[in-house]
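Letter by letter, the chains look like this.
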Amino acid sequence: MLFRPLTERATLHPLEPWQAAEFAALVDRARPHLAPWLPWARSITDQASAHEFLQRYADAQARDTGRIYGLRLDGNLVGGTLFRVFNAVSGVCEIGVWLAPEAEGQGLITRAVEAMIDWAVHERGMSRIEWLTVPANHRSQAVARRLGMRRDGVLRQAFPLGGERYDVEVWSLLAAEWRGVATPSKATT
Ligand SMILES: CC(C)(COP(=O)(O)OP(=O)(O)OC[C@H]1O[C@@H](n2cnc3c(N)ncnc32)[C@H](O)[C@@H]1OP(=O)(O)O)[C@@H](O)C(=O)NCCC(=O)NCCS
């Protein structure tokens, strides 16, 4: 289980269904910032829908197929991270992230994802960490780049959101690259 101090003021901890009201309040206040990129920032509109979302991750965690974490700054929930996909059989997982605007620009997500990758690679023996983003999401790409990920390629119009379809960039990091025993494999860009 991952519970990690990230800085003197920030922690990463499991986010559970009983915290649905707090999660719903965060989504509500950060919605304009999150909704352009995250489908659930549109569908979580109250405590019940937040609970359903967190329960799905609690069930996934029980099956070892997904996990969700909250990020606190001075005790307040300001963001989070998740293993949207966690396949211990194939050794592949996918990480997703979000922050309220006031918590951006401090390296909190980079630190949180470093902790997740450490856990996935060193404790769980995962081989490949994936990161999916739309081409217009430059802050998301900057995090992936900062973590040493490389862009594998583009899934054309793979992501439906708000009645439109968007290309999806797939970024990845291999366990050997994280351990520093291999240089990043050749990327498309
Ligand atoms: C994507 C998102 C989480 C990135 O947040 P972020 O604040 O840029 O990322 P980090 O927390 O890693 O912070 C990085 C910033 O902190 C700075 N920083 C300060 N100290 C740092 C440190 N020790 N380590 C790394 N970065 C540090 C970096 O320079 C960078 O600042 P910059 O944006 O001015 O270049 C955020 O923009 C967000 O929630 N967006 C909306 C939802 C979203 O798009 N989710 C992803 C969908 S794919």
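Definitions and limits used
- Within each chain, residues carry numbers counting from 1 in the order of the written sequence.
- Local features in a predicted model are, by the rule used here, given only for residues with pLDDT of at least 70; side-chain atom pairs are given and counted only at 80 or more, and totals for whole chains, interfaces and linings are based on all residues.
- Hydrogens and water molecules were not included; the side-chain quantities draw on all heavy atoms of the structure.
- Runs of H or I in DSSP of at least four residues are treated as helices and runs of E of at least two as strands, each being numbered from the N terminus.
- Under the rule applied, a polar contact is a pair of N or O atoms within 3.5 Å (in protein, one hydrogen donor and one hydrogen acceptor; residues adjacent in sequence only if both atoms are side-chain atoms).
- A contact between two residues is defined here by any heavy atoms of the two lying within 4.5 Å.
- Working rule for helices: expected span equals 1.5 Å times residues minus one.
- Think of it in three bands: residues with accessible area under 20% of the maximum for their type are buried, residues over 50% are exposed, and the middle band is partly exposed, with areas taken using a 1.4 Å probe on protein chains only.
- Here a pair means two rings of Phe, Tyr or Trp (six-membered ring of Trp) with centres within 6.5 Å. Their orientation is stacked below 30 degrees between planes, edge-to-face above 60, and tilted elsewhere.
- Whenever a helix is involved, its axis is fitted only over the stretch in contact; in every case the axis is a line through C-alpha atoms, and angles between N-to-C directions fall within 0 to 180 degrees.
- By the definition adopted for this analysis, an angle is roughly parallel if under 35 degrees, roughly antiparallel if over 145, roughly perpendicular if from 65 to 115, and oblique otherwise.
- Following the grouping adopted for this structure description, the nonpolar residues are Ala, Val, Leu, Ile, Met, Phe, Trp, Tyr, Cys and Pro, the charged ones are Asp, Glu, Lys and Arg, and the polar ones are all others, Gly among them.
- Residue proximity to a molecule or strand is established when one non-hydrogen atom of the residue lies within 4 Å of it.

Q: For this particular structure, what's the right way to read the side chain of serine 49?
A: Assignment of secondary structure puts serine 49 in helix 3 (residues 47–63). A polar atom in the side chain of serine 49 sits 2.9 Å from the backbone nitrogen of threonine 45. For serine 49, the contacting residues outside a window of four places in its chain are Ser43 and Ile44.

Q: Would you take a moment to explain helix 4 (residues 108–123) for this structure?
A: Within an α-helix, residues lying three or four positions from one another point in the same direction, as the helix has 3.6 residues per turn. Here helix 4 contains 16 residues, and its C-alpha end-to-end distance of 22 Å stays within 8% of the 22 Å for a straight helix at 1.5 Å per residue. Taken residue by residue, helix 4 has Leu108, Ile109, Thr110, Ala112, Val113, Ala115, Met116, Ile117, Trp119, Ala120 and Val121 as its buried positions. Two residues or fewer past helix 4, glycine 125 is found with a positive phi of approximately 65 degrees.

Q: Would you take a moment to explain the packing of aromatic side chains for this structure?
A: Aromatic ring pairs: the centre-centre distance and the angle between the two ring planes describe each pair. Tallied over the entire structure, the rule returns 10 aromatic pairs. Taken together, a centroid distance of 6.3 Å and an interplanar angle of 80 degrees make the contact between tyrosine 69 and phenylalanine 83 edge-to-face. Here phenylalanine 83 lies in strand 4 (residues 76–87) and tyrosine 69 lies in strand 3 (residues 67–73), a separation of 14 residues in the sequence. Residue classification places tyrosine 69 among the buried residues on the basis of a relative accessible area of 0%. On the accessibility criterion, phenylalanine 83 (0% relative accessible area) is buried. Aromatic side chains phenylalanine 83 and tryptophan 119 sit 5.8 Å apart centroid to centroid with 40 degrees between the ring planes, which places their arrangement in the tilted category. Linking phenylalanine 83 in strand 4 with tryptophan 119 in helix 4, this pair joins segments that are 36 residues apart in sequence.

Q: So what exactly am I meant to see when it comes to the packing of helix 1 (residues 20–34) against helix 3 here?
A: In a pair of packed helices, the angle between the axes and the distance between the axes together describe the arrangement. Their axes nearest at 8 Å, the elements helix 1 and helix 3 cross at an angle of 110 degrees. Overall, the two elements helix 1 and helix 3 adopt an arrangement that is roughly perpendicular. Within the contact between the two elements, helix 1 uses Ala20, Ala21, Phe23 and Ala24 and helix 3 uses Gln47, Ala50, His51, Phe53 and Leu54. Tallied by class, the residues present in the contact of helix 1 with helix 3 amount to seven nonpolar, two polar and no charged.

Q: Looking at this model, I keep getting lost on the environment of glutamate 104. Mind explaining?
A: Tracing the sequence through the fold places glutamate 104 in the loop between strand 5 (92–99) and helix 4. Here glutamate 104 falls in the partly exposed class, since its relative accessible area comes to 25%. It is 14 Å that separates the C-alpha atoms of glutamate 104 and aspartate 74, two residues lying 30 residues apart in sequence. Setting aside chain neighbours within four positions, we find glutamate 104 in contact with His33, Leu99 and Arg139. At a separation of 3.5 Å, a polar atom in the side chain of glutamate 104 contacts the side chain of arginine 139.

Q: Quick question: what am I supposed to make of the site of the ligand here?
A: Around the ligand, the structure places 22 residues, and the nearest of them are Glu104, Gly105, Thr110, Asn137 and Arg139. Between the ligand and isoleucine 109 there is a distance of 2.8 Å, counted from an oxygen atom to a backbone nitrogen or oxygen. Listed by contribution, the elements that provide at least two residues to the shell around the ligand are helix 1, strand 5, helix 4, strand 6 (128–133) and helix 5 (138–146). For the shell around the ligand, the per-class residue count stands at 10 nonpolar, eight polar and four charged.

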